[in-house]
Amino acid sequence: MQTEIAHIDPMQPEPALIEHAARLLRQGKLVVFPTETVYGLGADALQPGAIKQIFVAKGRPFSDPLIVHIADEEVLETLVVHVPPQARVLARTFWPGPLTLILPAGPRVPRLVTAGLPNVALRMPRHPVALALIRALGSPIAAPSANRFMHISPTTAHHVLADLAGRVPFILDGGPCEIGVESTVLDLCAAVPTILRPGGVSLEALRTVLPEVQPSQSLPRSGENASQAEEAGGMSSPGQMSVHYAPTVPTLLFEGTLETMRAAMLAEIARRSAQGEQVGVLIADEDMPTFQESGARIYTVGSTPEQVATRLYAGLRTLEEAGVQAILCRDFAEAGLGRAIRDRLRKAAGGKVIKQR
Ligand code: TXA
Ligand code: MG
């Protein structure tokens, strides 16, 4: 299959391009499109034949359910059994935006979308291209991140091509994604509203609206093996498997104070370099003086949580493509978007966390 790429204006998408993409979706084909979080691999959510192709293109097991993207709040009613009052408040506050709500699925939602679960994941993205595409199709769009199963989510069309060239017919290239990590998945079917995946909307922000929101339980803690964490924390969201967002290169996460973290990373670079390994490091801008003479291949992700989130996946992919034998990552503070960043770093490391006091 030939993969066609079209550049689209991310702020004012060209109607002819949107119409072309909507026509493909109507025909049951797949279209990759930008969202404010990461690129999505979309299909008409109401066509089971089209949904099936998403799983095939990604190499994703049918047991992992998909997020359904909508562009208007009225559509919510048509996809769920009922809309709990908390869902309305959250939607009014955070939609369009990087929040996915788990709600009881209505009969219109194909079983392939929910992987047979009684609940459906719904989100209204705020990217103009995503919104225009959903409206032009006139139907909700089911879309996981547009990467191969188990790989890092794509934040540019180049990342999508690296994973899915020849496996999807059409990519709308709207430039780099603004947020850079996926949406927050919030389970409103649990006894207490619980975050299944930290993401673009922080725990703090959710609690301003719904103080009882509980943080994700399945985060692998440092020093704890990924599979142990899964056993301890359960897996209420199948995509919460801790190896989910991993680069193809062994990745280590360093935790501790700034000084101990940097020292341990330098020691690891020296040890590996002595064995002839080429090492990549993912660091903040202010770490640069510490590492510039280390011989490691360096990728800096900025300083603020917003900058780090935006550059994180590009950094992991760049180091991976550079052919390094190991990627060493520093840890970041947990406030705000930091919670999602830490979650993704721990998943990238698959439990290989080195903690210094
Ligand atoms: O930002 C995002 O959420 C991006 C963009 C494209 O919208 N999408 C995305 O989709 O990250 P995906 O499929 O890569 O991740 C969706 C997550 C998975 O962890 C999945 O298991 C969970 O949401 N999920 C989907 N439906 C669910 C359901 N009914 N119950 C529990 N978890 C669900
Ligand atoms: Mg994904």
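Bear in mind that the values here come from a model prediction, so they are computed numbers and not experimental data. (Residues numbered from 1 in each chain as written. Chains lettered and ligands numbered in written order. Predicted model: local features only at pLDDT ≥ 70, side-chain atom pairs only at ≥ 80, totals over all residues. Heavy atoms only, no water.)

## Digging into the packing of aromatic side chains
- Counting across every chain of the model gives one aromatic pair.
- Taking 4.8 Å as the distance between ring centres and 35 degrees as the angle between the ring planes, the aromatic pair formed by Phe55 and Phe62 counts as tilted.
- Judged by relative accessible area, Phe55 falls into the buried class, the value being 2%.
- Taking the relative accessible area as the measure of exposure, Phe62 reaches 40% and is therefore partly exposed.
- Positioned over the ring face of Phe332 is Arg330, at 4.6 Å from the centre of the ring. (Phe/Tyr/Trp six-rings, centres within 6.5 Å; stacked < 30°, edge-to-face > 60°. Buried < 20%, exposed > 50% of the residue type's maximum accessible area, 1.4 Å probe, protein only. Lys NZ or Arg CZ within 6 Å of the ring centre and 35° of its normal.)

## Description of the sheet that holds strand S12 (residues 279-283)
- Strands sit in the order S13-S12-S14-S11-S15 across an open sheet of five strands; the sheet is parallel. Bordering the open sheet on either side are strand S13 (297-300) and strand S15 (353-355), each of which pairs with just one other strand. Here the average twist between neighbouring strands, direction ignored, is 20 degrees.
- Summarising the sheet, S12 and strand S14 (residues 326-330) pair through four bridges and their orientation is parallel. Within S14, the residue paired with Val281 across the bridge is Leu328. (Pairing = 2+ DSSP bridges. Helix = DSSP H or I, 4+ residues; strand = E, 2+ residues; numbered from the N terminus. Axes fitted to C-alpha atoms, helices over the stretch in contact; angles between N-to-C directions.)

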